[in-house]
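Observations on the model geometry
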Amino acid sequence: MDIKLVIVGGVAGGATAAARARRLNERAEIVLFERGEHISFANCGLPYYIGGIIEKRKNLLVTTREAFMKRYNVDVRINCEVVAIHRDSKEVEVRDLASGETYSEPYDKLIISPGAEPVKPPLEGIDLEGVFRLRSIPDSDRIKAMIDTVMPRSAVVVGGGYIGLEMVENLIHRGVQTTVVEMADQIMAPLDPEMAAIAQAHLKERGVRLELRCRVESFVRDPDGLKVATSRGSEIHCDMVILSIGVRPENRLAKEAGLKLGDRGGIVTDSGMRTSNPDIFAVGDAVELTEYVTGRPGMFALAGPANKQARIAADNAMGRNSAYKGALGTSIVRLFDLTVAGTGANEKHMKECEIPYMVSYTHSGSHASYYPGAKQMAIKLIFSPDEGKLFGGQIVGEDGVDKRIDVLATAIHGGMTVFDLEELELAYAPPYSSAKDPINMAGFVAANVLKGDLEVVHWNSLSEHNGNNTVLLDLRTKREIDKLGTIPGAVHVPVDDLRATLGTLDPAKDYIAFCAVGMRGYLAHRVLVQNGFKSKNLSGGFSTFAPAKEEITG
């Protein structure tokens, strides 16, 4: 099939689409325009290059223009910006940024991958020297050059999203004391607050200052560096600022071409990645996607979905019939010794969508407890209250988080339930897991709730139950309580003493049992209800409750 395919934008979406299209059609003419100097680079690796973890700049380059052209026979034109799409004549207008020349390029099929641009609010001083944004290799070059030459002592990262927090870790690695200013009441918006609280506590332990529920209002340079004025009326003095406020879709081309946009500005596509014009496809961060779990429109600035969309767009541009089923938004980030990951819908979004759901918490070791080095991970499941279908999962821990979040992502994609998690046969050897993997344990607990074997109270609703007729039973050891504290008003009854203590309990009272992670609470619940008492268990135990209730500021 003789066809001319023009692709706008490189990196994950455009370069993948070009390579896929060539593999499908050796005779097609393929032209790729990239306004920067790099056709494809690892933008997810930029913070680690700045931090010195990735030592060589060239390792960020996935491929070069010359190598890509030679391997795929694609006409790659770098430093060329597509400034307009003329749908009627099926041409794009291109400006050569080196010469300033403007010319037209015809197409049969067009794939646009414009990406997303960092949000730049109209704040006083936002363009001052020492205030940086991080999107491209030149951006990382400027930040790294300042750290290498000036050796700043302090920095402010504005925004507590994934890129911002990766920058925090790498700034600390370079010896730069760092403050995070985040206008929301938590970092990492895809997480629910009690899971984010674990990460916040870890950042504080590593010396990171967190200013939550706080907005930046201006930047001012003085002889000592920069002053960051905040909505609290305070000023934070620092040597440099990294803006990581978020991104918005680069939709100008699509908008001016009359392509349909969604409510959040994303380019609307069908399952074949076609825009409202059937000869124009769109992929990547600028595209409005279908959320796999809710079926609603969503935006996901992630490399994985962009690559998959690019393959599907190329398939359809070359005459195949492929469909994109939607995005889970699976993501993961390292924060010093901690790994934080999520997939599917979070609890906040389920409430927004008014979809009924239930949640459960477990805390399990990354591998067998008797094998040295096991680390505990917190797992939150979100699932339907009827058949237990999985909607989402979040995991925070030091080891083994990555493989467990991938199991949950696979399970959600496959339409599996918490009962299926009970039955999964996962690899076990003492250095890697337990005979009952943390995923199995999460399934057991969620299934127990659905079966009625366990009735739970969650950390954020405990106060609603803590009245005069309710008794909190702390089932942990005295040593645990002395070390970690307890919930105010709780009565200490070690779990192994519970049966002997039943005669002293009042059957007219409501009991909420809790321990460190929920296991002893579950055992106590079964003892209590089978002896005629009204009982519930604090889901996730003290390990979920304590961080979620801690105020993290400064």
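Only a predicted model underlies this, so the values are computations on that prediction, with no experimental measurement involved.

Scanning the protein from N- to C-terminus turns up 17 helices and 33 strands. Counting across all 554 residues of the protein, residues that qualify as buried make up 53%. Restricting to contacts in the protein with at least 6 residues of sequence separation, those with at least 24 account for 63%. Counting only carbon and sulfur atoms, one obtains 49% of the accessible surface of the protein, whose full area is about 24,600 Å². Computed over 64 positive and 72 negative side-chain charges, the inter-centroid distance for the protein is 2 Å.

If charged atoms from side chains of opposite charge come close, those side chains can pair. Across all of its chains, the model carries 39 salt bridges by this definition. Across the pair Arg174 and Asp148 runs a salt bridge whose closest N-O atoms are separated by 2.6 Å. One end of the pair, Arg174, is in the loop between helix H5 (162–173) and strand E13 (177–182); the other, Asp148, is in helix H4 (residues 137–150), and 26 residues separate them in sequence. Given a relative accessible area of 28%, Arg174 falls into the partly exposed group.

General note: in soluble globular proteins, nonpolar side chains tend to be found buried as a group. Core analysis: the largest hydrophobic core is formed by 57 residues, its most contacted members being Leu171, Met188, Met240 and Val340. For this core, the element with the highest residue contribution is H5, accounting for 5 residues. Here Val340 is in contact with Met188, Leu191, Ala199, Ser331, Ile332, Val333, Leu335, Ile395 and Val396, once residues within four sequence places are set aside.

What follows deals with the environment of Phe336. Here Phe336 is to be found in the loop between strand E24 (331–335) and strand E25 (338–344). Using a relative accessible area of 12% as the deciding quantity, one classes Phe336 as buried. Sequence-wise, Phe336 and Asn170 are 166 residues apart; in three dimensions their C-alpha atoms are separated by 9.0 Å. Sequence-distant contacts of Phe336, that is, excluding residues within four places in its chain, are made with Val168, Glu169, Ile172, His202, Leu203, Arg206 and Val208.

Another point: the pairing of strand E9 (residues 109–112). Where strand E1 (residues 4–8) meets E9, 4 bridges bridge the pair, whose relative direction is parallel. Bridging across to E9, Ile7 finds its partner in Ile111.

On to a nonpolar patch on the surface. Residues Tyr370, Tyr371 and Tyr428 make up a contiguous nonpolar surface patch of about 360 Å² in total accessible area. Along the polypeptide, Tyr428 turns up in the loop between helix H11 (418–423) and helix H12 (438–451). Overall, Tyr428 belongs to the partly exposed group, its relative accessible area being 41%.

With that settled, consider the packing of aromatic side chains. Counting across every chain of the model gives 4 aromatic pairs. With a centroid separation of 5.9 Å and an interplanar angle of 85°, the aromatic rings of Tyr511 and Phe533 are classed as edge-to-face. Residue Tyr511 is found in strand E32 (residues 510–514), and its partner Phe533 is found in the loop between helix H16 (519–529) and strand E33 (534–538); the two are separated by 22 residues along the sequence. By relative accessible area, Phe533 is classed as buried at 9%. In this structure, Lys144 is placed above the aromatic ring of Tyr49, and the distance from its NZ or CZ to the ring centre is 5.3 Å. Lying over the aromatic face of Phe542, Arg476 brings its terminal NZ or CZ to 4.3 Å of the ring centre.

To continue, consider the sheet that holds E9. One key point about sheets: their strands pair by backbone hydrogen bonds, in either a parallel or an antiparallel sense. The strand order across the open sheet formed by 5 strands is E5-E2-E1-E9-E21, and the pairing between neighbours is parallel. Lying at the two open borders of the sheet, with one neighbouring strand each, are strand E5 (75–78) and strand E21 (280–282). Strand after strand, the sheet turns through a mean of 15° between neighbouring axes, direction not considered. Sheet strands touched by helix H1 (residues 11–24): E1, strand E2 (29–34) and E9. Its angle to E2, the strand with the most contacts, is close to 170°. In this fold helix H8 (residues 303–317) packs onto E1, E9 and E21, with an angle of close to 175° to the strand it touches most, E9.

The subject of this paragraph is helix H6 (residues 193–205). In this model H6 runs 18 Å from its N-terminal to its C-terminal C-alpha over 13 residues, within 8% of the 18 Å that 1.5 Å per residue would give. Among the residues of H6, those classed as buried are Glu194, Met195, Ala196, Ala197, Ala199, Gln200, Ala201, His202 and Leu203. In the segment just after H6, Gly207 is the residue with positive phi, at about 90°.

Here the focus is the side chain of Asp239. As for its position among the elements, Asp239 is in the loop between strand E17 (235–238) and strand E18 (240–243). Given a relative accessible area of 13%, Asp239 falls into the buried group. A polar contact is formed between the side chain of Asp239 and the backbone nitrogen of Arg153, at a distance of 2.7 Å. Each residue touching Asp239, except ones within four places of it in the same chain, is listed here: Met146, Pro152, Arg153, Ser154, Asp224 and Leu226.

Cut-offs and rules
Residues numbered from 1 in each chain as written. Predicted model: local features only at pLDDT ≥ 70, side-chain atom pairs only at ≥ 80, totals over all residues. Heavy atoms only, no water. Helix = DSSP H or I, 4+ residues; strand = E, 2+ residues; numbered from the N terminus. Buried < 20%, exposed > 50% of the residue type's maximum accessible area, 1.4 Å probe, protein only. Contact = heavy atoms within 4.5 Å. Areas by Shrake-Rupley, 256 points an atom, 1.4 Å probe, with all protein chains shown as cover. Lys, Arg positive; Asp, Glu negative; His and termini not counted. Charge placed at Lys NZ, Arg CZ, Asp CG, Glu CD. Salt bridge = Lys/Arg side-chain N within 4 Å of Asp/Glu carboxyl O. Core = buried A, V, L, I, M, F, W, Y, C linked by side-chain atoms within 4.5 Å. Pairing = 2+ DSSP bridges. Patch = residues over 30% accessible without salt bridge, like charges linked within 9 Å, V, L, I, M, F, W, Y side chains within 5 Å. Phe/Tyr/Trp six-rings, centres within 6.5 Å; stacked < 30°, edge-to-face > 60°. Lys NZ or Arg CZ within 6 Å of the ring centre and 35° of its normal. Axes fitted to C-alpha atoms, helices over the stretch in contact; angles between N-to-C directions. Expected span 1.5 Å × (residues − 1). Polar contact = N/O pair within 3.5 Å; in protein donor to acceptor, adjacent residues only side chain to side chain.

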